[in-house]
Amino acid sequence: MTRLVIETRGLTKRYGGRAAVDDVDLHVAEGARYGFLGPNGSGKTTMVRMLLGLVYATRGEISVLGRPVPSRVAEVLPEIGAMVEGPAAYPHLSGRANLALLDASGPRRGRAGRRRERVEEVLERVGLGAVDRRPVRTYSLGMRQRLGLAGALLNRPRLLVLDEPTNGLDPHGIREVRDLLVTLNAAGTTVFLSSHLLAEIEALCTDVGVVDRGRLVLEDALDAVRGPTGRLVVRTPDPEAAARVLGRAVAERHGDTLVVDAAPGGPPALARHLVEHGVPLDGLAEQRRSLEDVVVALTGPGSDTARGARRNGARPDPTSGGIRR
Ligand SMILES: Nc1ncnc2c1ncn2[C@@H]1O[C@H](COP(=O)(O)OP(=O)(O)OP(=O)(O)O)[C@@H](O)[C@H]1O
């Protein structure tokens, strides 16, 4: 049985009459890269803060690394690396000096030399090693974000809990953070991150939880969410000929790409049929549902989650179902 490193039951946080987090049962398996997806204001930060014992729930239970939170949160914090809502740092000190302070205030032990090594190591890991001794007030937002991530790594944590870790990063920085999280995860760290970017979760995560106005509307493995649509995607330098040969089986056409209703025999039979009729092929693949389609289907096209997902860079892709023109 898979071990859960985060589990909540009926977790609810009310501010006045309004539920910021509403009756959420969350399940984060050990070894996962879990994306908690929702638009601004859907309750992500509140959830992250409750997991870390920074905000108390109105109702419900939380277990992190097998211990109840908040009652035994002090036991688990040394095993967690966290970054919540724009990392705080002393602006007049360098990134190094900030990390050294953080390290000294943490549970880590060791001689001064070892502590210095630890700081250098995490600075290198997040790509700030070359940033010399500039004060943090001269850092860009992306650099501050990396510094926060470096702080989260000091513990060599078993679990990383990150609230919008790529906020403020340029595409290059986003890719670097993604690669870093994949590397850490491959070495055994479970990653829980919140994001309002559907494309980011699709690119990085193994599991997804979708939150809409405080409620968890979907939780599953991304592979399961992105199941086959029953159609095939054909790429060909001669789409006219392919369209003639395939006739009514063609459901959609976009440039050199055709989306075709699957026939008995699947991709091999279709490839044979096309080649026998002289249609050259560049590619043939099963079409899979996109996370965007699933989110829209669950929350409605006008929902905050669906709109936010589209606004924030989910690109139409014919290899995924639901291309819209
Ligand atoms: N301390 C607070 N007092 C009152 N309302 C709050 C408080 N913190 C959050 N809320 C409300 O709870 C809801 C969820 O906020 P939360 O910050 O958790 O969402 P979020 O998904 O993290 O959004 P964002 O990405 O904008 O931070 C919002 O309506 C917010 O206004």
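Keep in mind that this is a model prediction, so the values were computed, not measured.

Draft legend 1. Region of interest: the site of the ligand. Taken together, Tyr-15, Ala-20, Gly-38, Asn-40, Gly-41, Ser-42, Gly-43, Lys-44, Thr-45, Thr-46 and His-196 are the residues near the ligand. Here the shell around the ligand gets three residues from one element, more than from any other, and that element is helix 1 (residues 44-51). Across the shell around the ligand, the residue classes tally to two nonpolar, eight polar and one charged.

Draft legend 2. Highlighting the sheet that holds strand 4 (residues 33-37). A sheet is described by the order of its strands in space; here six strands give the open sequence 7-8-9-4-10-11, paired in mixed fashion. Edge positions in the sheet fall to strand 7 (80-83) and strand 11 (215-221), since each has one partner strand and no second. Neighbour-to-neighbour, the strand axes of the sheet open up by a mean angle of 10°, direction not taken into account. The sheet contact formed by strand 7 and strand 8 (residues 159-163) spans four bridges and is parallel. Residue pairing in the sheet places Ala-82 in a bridge with Val-161 of strand 8. Helix 1 contacts strand 4, strand 8, strand 9 (190-195) and strand 10 (207-212) of the sheet and is inclined by roughly 150° relative to strand 8. Across the face of the sheet, helix 5 (residues 141-153) comes into contact with strand 7 and strand 8 while running at roughly 165° to strand 7.

Draft legend 3. Geometry of helix 5. In this model, helix 5 (13 residues) spans 19 Å end to end at C-alpha, consistent with the 18 Å of a helix rising 1.5 Å per residue. Burial analysis of helix 5 places 11 of its 13 residues in the buried class, the great majority of the element.

Draft legend 4. Region of interest: the domain arrangement of the chain. Assigned domains within the chain: domain 1 (4-224) and domain 2 (228-288). Its C-alpha centre places domain 1 at a distance of 43 Å from the equivalent point of domain 2.

Draft legend 5. Looking closely at unusual backbone geometry. For the peptide bond that leads from Val-69 to Pro-70, omega is 10°, which places it in the cis range. Following the sequence through the fold, Pro-70 ends up in the loop between strand 6 (67-69) and helix 2 (73-76). Positive phi is not limited to glycine here, since Arg-213 has a value of about 45°. Considering the arrangement of structural elements, one finds Arg-213 in the loop between strand 10 and strand 11. What makes Arg-213 partly exposed here is the crowd of 18 C-beta atoms within 10 Å.

Draft legend 6. Geometry of the sheet that holds strand 15 (residues 283-288). Read from one edge to the other, the open sheet built from four strands follows the order 13-14-12-15, with strand pairing classed as antiparallel. This sheet does not close on itself; its edge strands, each paired only once, are strand 13 (250-254) and strand 15. Ignoring strand direction, the axes of neighbouring strands in this sheet form an average angle of 25°. Of the pairings in the sheet, the one linking strand 13 to strand 14 (residues 257-261) comprises four bridges and is antiparallel in character. The partner of Val-250 across the bridge, within strand 14, is Val-260. Along the sheet, helix 9 (residues 239-246) makes contact with strand 12 (228-235), strand 13 and strand 14, crossing strand 14 at roughly 10°. Taken strand by strand, helix 10 (residues 266-276) contacts strand 12, strand 14 and strand 15, and its axis lies near 145° from that of strand 15.

Rules of the game
Residues numbered from 1 in each chain as written. Predicted model: local features only at pLDDT ≥ 70, side-chain atom pairs only at ≥ 80, totals over all residues. Near = placed C-beta within 6 Å. Helix = DSSP H or I, 4+ residues; strand = E, 2+ residues; numbered from the N terminus. Nonpolar A, V, L, I, M, F, W, Y, C, P; charged D, E, K, R; others polar. Pairing = 2+ DSSP bridges. Axes fitted to C-alpha atoms, helices over the stretch in contact; angles between N-to-C directions. Contact = placed C-beta atoms within 7 Å. Expected span 1.5 Å × (residues − 1). Buried ≥ 20, exposed ≤ 12 C-beta atoms within 10 Å, placed from the backbone. Domains from an automatic or database assignment.

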